[in-house]
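# Geometric and topological summary
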Amino acid sequence: MNMDERIARINALYHKSQNEGLTEEEKAEQARLRKEYVASVRANLRGQLDNITIERPDGSMENLGEKFGGKARHDTYTA
């Protein structure tokens, strides 16, 4: 199942839950699909962030993915 199909199924389950309710199997499927979707979004974002390169004032280039990408990651961030 590709991501478009997953999103369509998540939406269909949401609408069904609002109209008539879900069975326990459908609730489990909805939770699994949502978890897969969030994991995919996080992986895509991490891939983008790992490919950021900045140019320092002295003209040198620094790849932030190489600098910070290997560190331990946390699911929650504090500001």
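Everything numeric here is computed off the predicted structure, so don't read it as measured data. (Residues numbered from 1 in each chain as written. Predicted model: local features only at pLDDT ≥ 70, side-chain atom pairs only at ≥ 80, totals over all residues. Heavy atoms only, no water.)

## Brief notes about the overall build of the chain
- Regarding its fold elements, the chain presents three helices and two strands.
- The linear arrangement of helices and strands in the chain, starting from the amino end, is α-α-β-β-α.
- Counting over 79 residues, the chain shows a buried share of 11%.
- Across the chain, every contact between residues at least 6 apart in sequence was considered, and the portion connecting residues at least 24 apart equals 27%. (Helix = DSSP H or I, 4+ residues; strand = E, 2+ residues; numbered from the N terminus. Buried < 20%, exposed > 50% of the residue type's maximum accessible area, 1.4 Å probe, protein only. Contact = heavy atoms within 4.5 Å.)

## Some points on the side chain of Glu26
- Summarising the element assignment, Glu26 is placed in helix H2 (residues 24-50).
- With a relative accessible area of 14%, Glu26 lands in the buried category.

## A short note on helix H1 (residues 3-19)
- In this model, H1 (17 residues) spans 24 Å end to end at C-alpha, consistent with the 24 Å of a helix rising 1.5 Å per residue.
- Measuring from the side-chain oxygen of the N-cap residue of H1 to the backbone nitrogen of Asp4 gives 3.0 Å; that N-cap residue is Asn2.
- Directly after H1, the chain includes Gly21, whose backbone phi takes a positive value near 95 degrees. (Expected span 1.5 Å × (residues − 1). Polar contact = N/O pair within 3.5 Å; in protein donor to acceptor, adjacent residues only side chain to side chain.)

## Overview of the pattern of salt bridges
- Going through the model one piece at a time under the given rule, you end up with seven salt bridges.
- Between Glu29 and Arg9 there is a salt bridge, with the nearest N and O atoms lying 2.9 Å from each other. Here Glu29, found in helix H2, pairs with Arg9, found in helix H1; they are 20 residues apart in sequence, far enough to count as distant.
- Residue Arg9 is classed as partly exposed on the basis of its relative accessible area of 30%.
- Close ionic contact of Glu24 with Lys27 constitutes a salt bridge, the shortest N to O distance being 3.7 Å. Of this pair, Glu24 and Lys27 both sit in helix H2, three residues apart, which is roughly one turn of that helix.
- One connected set of salt bridges, linked through shared partners, spans Arg6, Arg32 and Glu36. (Salt bridge = Lys/Arg side-chain N within 4 Å of Asp/Glu carboxyl O.)

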